[in-house]
Amino acid sequence: MTDQQRAPGVPDQTRFHLDCLWQPLEDDPAGRLVFELRNTGDDPIAGFRLVFTTLRFVERDPLADNVRLIDRKGYFHEVAPPDGFHLVPGGAWRFSLGGITGEPQHRSEGIVSAYVTEADGERRAVVVGDLRRKASGERRASGAVAAQPFALMPWPAEVAIAPSDVLPGYLVPAEGVTADELSAVSTVTALFRRLFPIEPAPFSLMALPDDRLLRFATDTSLGREGYRLEFRADDILVAAADAAGRQYALTALGQLLRGARAGGGFRFPADGHIIDHPRFGWRGCHLDTARRFFPVGDIARFLDCLAYLRLNVFHWHLTDDEAWRLEIRGYPQLTSVGSVRGPEAALRPQLGDGPEASGGFYSHADVRALVAHAGRLNIEIVPEVDIPGHSTAALAALPALADPDEPAGAYASVQGFANNALNPAIDLTWTMLEAVVDDLAALFPSPHLHVGGDEVPHGAWQSSPLAVRLMADLGINDPEALQSHFMRRVQTMLRKRGRQLAGWNEVGNGAGVETEGTLLTVWQKATIGAGLAERGYDIVMAPAEAYYLDIAHSQAWDEIGMSWAGATSLEAAYAYEVGNDIPADLLPRLKGIQACLWTELIDSRAHFNHLVFPRLAAVAEAGWTPAPRKDWSRFQQLTRFCPSL
Ligand code: ACM
């Protein structure tokens, strides 16, 4: 990984995994620590050193086996393998150290953190497993078995498993699996450890007697993102067609073990199979980071939450009236001015702001790190720059974007922002947008770039002499036609860079844009979605009445959230069935569904979690689970396992 892909708060790419076993010794109850460092990358390494930190530090002569202790200060230890040792892909370096300070009493007293320093000095993050010890006997699940005793979320397409009374230790790859398979297990281990830091991880790469072994197979018949789990007498077979399917299989296994460990009627499977694949290819969640700035670490964690729910698209709303959050080369004012709100700033304080100026934006390094993190979790990031409306921040940053002869207050958006549309009759609009689209294309591998297009105010452009002249030159006389002209020009810019246009449903207004490759996010009435599909647009349904997560749960006065689209209880979000809104013959145009999270009112983590979880899990299940398999009573029992930010 280059430094450009590193950002504080975003987990690094890892190619090493460290497990540790505590072994008591007859002559020393403090015992020793047995380590296994796995190379889960593609290249062999030699001449490296390992740094780890542990509370149980090596105090005395370390009884070192197959290791040199180079340095130890406090909890810091630096060790190296014997000279000439090569750690091959998939291979393990096993070593042990004795003379530790006392007997560990808890899982948390093992290795807390680690990194590898390669021969060239490059330091690489290491995934660290739980401290293991030999189990003192088989652990049995107790209590009554729940009606649907498996903590799977979203629910798979086909579940034919029987509950076990035995609680496995950890799930561990069998000998002989590839480095790539080890890496997949290590990645999902790290995901669970980040999401649930106080719970034991489901996986370990170090096998002990009560563990369940995992074997892997590739099965292309399972299709994109599909997987099959077979629970057999001696092992579990994990079959998938692609990396995403394998990740989802491992995530499902991790969920099953989390549930079984939590008890309350939940169990690990004894035998049987799960055969699973998604209902839709696009299972998304949008996040408005313009109204509210979220540090990159929060976004990384939100991506983790999406991955846990098998959501695969993060629709990242980067600009709006209230802020422009994406660094654009050549236009530093967009972020130096356009991302700051304050009493003396070009942008006034908005919902949640106090007397201090505040702001924040995402640098290219931040974006690269988040795109890489999302990619490792098989999530596509679709960035959104919301144009031509919702552009107050851009206009504040670059005043030359406005027609000087357009009167102040000529029109206003429903949110009360005056003169907030980019003007297609101004050359700077297009030179700036060229730079924006260049950077979007350079930063985001997604085939779709979202360019907004929603809520251009009535009256936009009509009082701009330059825009009126442009309309006359184009032979058009209504702003909707001018918006269509605007978006078609943007579509051409995207196509030149090999990308397709995504936008909100209003992009289809009037003559719209060319339908080929265009994907519209339908947030207004569901009938609009059917109409757009009929006209040849691909659509993603995000109906505000069901899937806008900023809408309050109920109409109770004490409830918090937005009310313009009514209220959406968890049950109502779960009950929404997109198939009722899109006629069968148009279903091929329905690419999927997504939740949207606008953040005007969300000024705390508690507020965020209250609105988002577990409603996001309801949307995830609608995106994944075949409609006939949905079951409200089962879903309700499982919401306790939902992650949160
Ligand atoms: C939107 O809610 N304005 C897309």
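Report follows, based on the coordinates. (Residues numbered from 1 in each chain as written. Predicted model: local features only at pLDDT ≥ 70, side-chain atom pairs only at ≥ 80, totals over all residues. Heavy atoms only, no water.)

1. As for the overall build of the protein
Assigned secondary structure in the protein consists of 15 helices and 31 strands. Computed over the C-alpha atoms, the radius of gyration of the protein is 27 Å, within 12% of the 26 Å expected from 2.2 N^0.38 for a compact globule of 645 residues. In terms of overall dimensions, the protein has a C-alpha envelope of 90 × 50 × 50 Å along the principal axes. Buried residues in the protein amount to 58% of all 645 residues. When contacts within the protein are restricted to residue pairs at least 6 apart in sequence, those whose partners lie at least 24 apart make up 73%. Carbon and sulfur atoms form 51% of the exposed surface of the protein, whose accessible area is close to 24600 Å². Mean positive and mean negative side-chain charge positions of the protein (59 and 81 charges, respectively) differ by 5 Å. (Helix = DSSP H or I, 4+ residues; strand = E, 2+ residues; numbered from the N terminus. Rg over C-alpha atoms; globule rule 2.2 N^0.38 Å. Buried < 20%, exposed > 50% of the residue type's maximum accessible area, 1.4 Å probe, protein only. Contact = heavy atoms within 4.5 Å. Areas by Shrake-Rupley, 256 points an atom, 1.4 Å probe, with all protein chains shown as cover. Lys, Arg positive; Asp, Glu negative; His and termini not counted. Charge placed at Lys NZ, Arg CZ, Asp CG, Glu CD.)

2. Quick notes on helix H9 (residues 479-496)
A rise of 1.5 Å per residue sets the reference length of H9, with its 18 residues, at 26 Å; its end C-alpha atoms lie 26 Å apart and thus fit the reference within 8%. Inspection of H9 places Pro-479, Leu-482, Gln-483, Ser-484, Phe-486, Met-487, Val-490, Gln-491, Met-493 and Leu-494 among the buried residues, and these make up the whole buried set. Residues of H9 that are buried make contact with strand E26 (380-387), helix H7 (427-443), strand E27 (448-452), helix H8 (465-474) and strand E28 (500-504). (Expected span 1.5 Å × (residues − 1).)

3. Structural notes on the sheet that holds E26
Taking strand neighbours around the barrel as the criterion, the eight strands line up as E20-E21-E26-E27-E28-E29-E30-E31 in a closed arrangement whose pairing is parallel. On average, each strand axis in the sheet is inclined to that of its neighbour by 30°, with strand direction left out of account. Sheet topology note: the E28/strand E29 (residues 519-522) ladder contains three bridges and is parallel. Each bridged residue has a counterpart across the sheet, and for Gly-503 the counterpart in E29 is Leu-520. (Pairing = 2+ DSSP bridges. Axes fitted to C-alpha atoms, helices over the stretch in contact; angles between N-to-C directions.)

4. Side note on the side chain of Arg-246
Its place among the elements puts Arg-246 in helix H2 (residues 243-262). On the basis of relative accessibility, which here comes to 15%, the residue Arg-246 falls in the buried class. Those residues within four positions of Arg-246 in sequence are excluded, and the remaining contacts are Asp-180, Glu-181, Ala-184, Phe-216, Val-238 and Ala-240.

5. Topic: the packing of helix H5 (residues 364-376) against H7
Taken N-terminus to C-terminus, the directions of H5 and H7 make an angle of 40°; their axes are 10 Å apart at the nearest point. For the pair H5 and H7, contact is made by His-364, Val-367, Arg-368 and Val-371 and by Asp-439, Ala-442 and Leu-443, respectively. Grouping the constituent residues of the contact of H5 with H7 by class yields four nonpolar, one polar and two charged. (Nonpolar A, V, L, I, M, F, W, Y, C, P; charged D, E, K, R; others polar.)

6. Comments concerning the sheet that holds strand E11 (residues 127-132)
Read across the open sheet, the four strands follow the order E8-E2-E1-E11; overall the sheet is mixed. Here the strands that pair on one side only, and so sit at the sheet edges, are strand E8 (92-97) and E11. Strand-to-strand twist of the sheet, defined as the mean angle between neighbouring strand axes without regard to direction, takes the value 20°. In this sheet, strand E2 (residues 28-39) lies alongside strand E1 (residues 16-25) in antiparallel orientation, the contact comprising nine bridges. Residue pairing for E2: Leu-25 is matched across the bridge by Asp-28. Helix H1 (residues 179-195) contacts E1, E2 and E11 of the sheet and is inclined by roughly 75° relative to E11.

7. Topic: unusual backbone geometry
Along the chain, Met-153 connects to Pro-154 via a cis peptide bond; the corresponding omega equals 0°. With respect to the secondary-structure elements, Pro-154 resides in the loop between strand E12 (139-140) and strand E13 (158-163). Looking along the chain, the bond that leaves Phe-613 and enters Pro-614 is cis, with omega of 5°. The topology assignment puts Pro-614 in the loop between helix H13 (605-612) and helix H14 (615-624). Of note in this structure, Asn-378 is not a glycine but carries a positive phi near 60°.

8. Thoughts on the pattern of salt bridges
Scanning all chains against the criterion turns up 38 salt bridges. Of the charged contacts in the structure, one is a salt bridge between Arg-60 and Asp-28, with a shortest N-O distance of 3.6 Å. Separated by 32 residues along the polypeptide, Arg-60 in the loop between strand E4 (49-54) and strand E5 (68-73) and Asp-28 in strand E2 bring together distant segments of the chain. Residue Arg-60 is classed as partly exposed on the basis of its relative accessible area of 46%. In this structure, Asp-276 and Arg-310 form a salt bridge, with 3.1 Å as the shortest nitrogen-oxygen distance. Taken as a pair, Asp-276 in strand E19 (residues 269-276) and Arg-310 in the loop between helix H3 (296-308) and strand E21 (313-317) lie far apart in primary sequence, 34 residues in all. Among the charged side chains, a network of salt bridges with common partners joins Arg-215, Asp-219, Arg-228, Glu-230, Arg-232 and Asp-235. (Salt bridge = Lys/Arg side-chain N within 4 Å of Asp/Glu carboxyl O.)

9. Examining the packing of aromatic side chains
Enumeration according to the criterion identifies 30 aromatic pairs in this entry. Their ring planes at 5° and their centres at 4.5 Å tell us that Phe-35 and Phe-95 sit as a pair that is stacked. Of the two residues, Phe-35 is situated in strand E2 and Phe-95 in strand E8; the sequence distance between them amounts to 60 residues. Judged by its relative accessible area of 2%, Phe-95 is buried. Among the aromatic residues, those joined into a ring-pair cluster are Phe-293, Phe-294, Phe-302, Phe-314, Trp-316, Tyr-362, Phe-444 and Phe-608. Sitting over the face of the ring of Tyr-170, Arg-261 holds its NZ or CZ atom 4.9 Å from the ring centroid. Here the basic side chain of Lys-630 rests over the ring of Tyr-574, its NZ or CZ set 4.7 Å away from the ring centre. (Phe/Tyr/Trp six-rings, centres within 6.5 Å; stacked < 30°, edge-to-face > 60°. Lys NZ or Arg CZ within 6 Å of the ring centre and 35° of its normal.)

10. Some points on the nonpolar core
Ranked by size, the top nonpolar core spans 142 residues in total, and within it Leu-253, Phe-302 and Leu-616 carry the most contacts. Apart from residues lying up to four places away in sequence, Leu-253 is in contact with Leu-171, Phe-203, Leu-214, Leu-229, Phe-231, Ile-236, Val-238 and Phe-268. Residues Leu-37, Phe-48, Leu-87 and Ile-100 belong to the second largest nonpolar core, which totals 26 residues. (Core = buried A, V, L, I, M, F, W, Y, C linked by side-chain atoms within 4.5 Å.)

11. With respect to the state of the cysteines
Counting across every chain of the model gives zero disulfides. Here Cys-285 stays unpaired: no disulfide links it, and the sulfur of Cys-596, its closest cysteine neighbor, is 7.5 Å away. (Disulfide = S-S within 2.5 Å.)

12. Observations regarding the pairing of E28
A large share of E28 lies buried, amounting to four of its five residues. When E27 meets E28, the two strands line up parallel, connected through three bridges. Across the sheet, His-450 pairs through a bridge with Ala-502, a residue of E28.

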